[in-house]
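# Reading the structure
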Amino acid sequence: MRIADLAGLRVAIWGLGREGHAAYKVLRQRLPKLMLTIFCGDAEAEFLMVGNALDRFITTPPTAADLSAFDLVIKSPGIGGYRPELLDAQRNGTRFSSATALWFAEHAGARVIGVTGTKGKSTTSALIAHLLRGIGRRTALAGNIGLPVLELLDPSQEPDWWVLELSSFQTRQVDHLTLGVITNIEEEHLDWHGSRERYVSDKLAMAVVSDTLLVNANQVDLLRRTNRHPRRELFGNTEGWHLDAEQIRRGGQAVFERSRLPLPGWHNAMNACAALAALETLGEDAMAAAQHLVTFTPLPHRLQTLGERESRIWIDDSIATTPQATIEALRSQPDREVCVIVGGHERGLDWQVFADYALSKPPHLIIANGANAARIGHLLRATNPDCRVEVCVDLSAAVACARKQTPAGGVIMLSPGAPSFDQFHDYAERGRCFAELAGFDPEAIGQIEGLGIA
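Residues numbered from 1 in each chain as written. Predicted model: local features only at pLDDT ≥ 70, side-chain atom pairs only at ≥ 80, totals over all residues. Heavy atoms only, no water.

## A word on the pattern of salt bridges
In a structure, side chains of opposite charge can pair up when their charged atoms sit close to one another. Across all of its chains, the model carries 16 salt bridges by this definition. Here E284 and R137 are joined by a salt bridge, their closest N and O atoms 3.0 Å apart. A residue pair is termed long-range when its members are at least 10 positions apart, and E284 in the loop between helix 10 (266-281) and helix 11 (286-290) and R137 in the loop between helix 6 (121-134) and strand 7 (139-143) qualify at 147 residues. For R137, a relative accessible area of 31% translates into the label partly exposed. (Salt bridge = Lys/Arg side-chain N within 4 Å of Asp/Glu carboxyl O. Helix = DSSP H or I, 4+ residues; strand = E, 2+ residues; numbered from the N terminus. Buried < 20%, exposed > 50% of the residue type's maximum accessible area, 1.4 Å probe, protein only.)

Written out as structure tokens, the structure is:
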């Protein structure tokens, strides 16, 4: 449904996060006479109500009856798509959409690269955009990475390629992709999706609308689930873009020394392989683009080395919201005495894989903090009674504990393996708090570079 088609309909916006604000702004500009009902918090309502006699603001959570009063509800992605009140309203005839879906309706025929995955999707999206720009392609970078794509509606700025990071909350809102890229599939967002199977199904919905699909050859389940796609390509296999101990390779040819990549860890080198494979699949010159890897600026809060304080290295990996991501963070620091701070919002994820890894390759110390700290600590001790683990109430206490117990020359790393919502608004706020507690300027961490069209 295009934006112009909303004229005359009963329309509501549910949630005023980044996407909700983008939808509200665009509808106000494009359809100035359309009366909107906005379900949002008190602060947002108070701000937007100033001088606004047209719209209606409701600050209590909507019921099924509330939602059923509308022809269309534009929902923020963070609001669960399987909530009972939403499903009841759907049965009553209400349609649900999103800012992402509105953008796709306005951009039929655009050349779009969609990137999803449990982890690595932001870095891979940014790498694809960076490499395309490096070889002279005008490229947009937007989506879940930090810029709602609906903010980029100016037809005079149409790029050669759109690169959109898509979360599992957004993949069913996509209309058509020239290329879909899936970096990996693990377990996450069970509170939103309700089950692991539904999470995987929602992620893979993107494959159905992708002309060509690029997937990680090292994920057996992902290969099995996508084996019927008529145009599936792989990365991470020896015939294509893959890694050895020292090089990023294309088949048998060494292309780029991993030591020159400004991103730590095997998983990040695999993200680079995914980006190069994406360019090749699109018919672009991936070999020429590979040399631009050296100028890529790493994204903040992703294994970001903050610096040294009190003879210890501090690393912010606040983006790590699954146990598997924390394992990859530990793998990126071989032969170092690492104190890793884990824990946060309880999402019901299985931490056994992390406990097994810590048993085989124990870090110097594990500090569990936050809402799921006790559960993590209990599991670690049950798996390995000799495991060095401390349980703290919050991040401040965890950092204080790490200071006392990490030796000089060691690494103190925040890699929570869990969301931030028990203590913070989002992972970025958590990362800034960690930096400040460590003695660094949280404002110096930086923002994601390259968003928008360039």
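## Concerning the sheet that holds strand 5 (residues 95-97)
Sheet architecture is open: five strands sit in the order 3-2-1-4-5, paired in parallel fashion. One side of each edge strand has no neighbouring strand; the edge strands of this open sheet are strand 3 (56-58) and strand 5. Here the average twist between neighbouring strands, direction ignored, is 20°. Two strands pair when backbone bridges link them, and strand 2 (residues 36-39) and strand 3 are joined in this way by three bridges, in the parallel orientation. Directly across from I38, in strand 3, lies its bridge partner F57. (Pairing = 2+ DSSP bridges. Axes fitted to C-alpha atoms, helices over the stretch in contact; angles between N-to-C directions.)

## Concerning the pairing of strand 9 (residues 177-182)
With six of its six residues buried, strand 9 lies for the most part within the structure. Direction of pairing for strand 6 (residues 112-116) relative to strand 9: parallel, over a ladder of four bridges. Paired with T116 across the strands is I182, a residue of strand 9. As paired elements, strand 9 and strand 10 (residues 210-216) share five bridges and run parallel to each other. Note on strand 10: the bridge partner recorded for L179 is T212.

Functional significance is not addressed by these values, which are geometric in nature.
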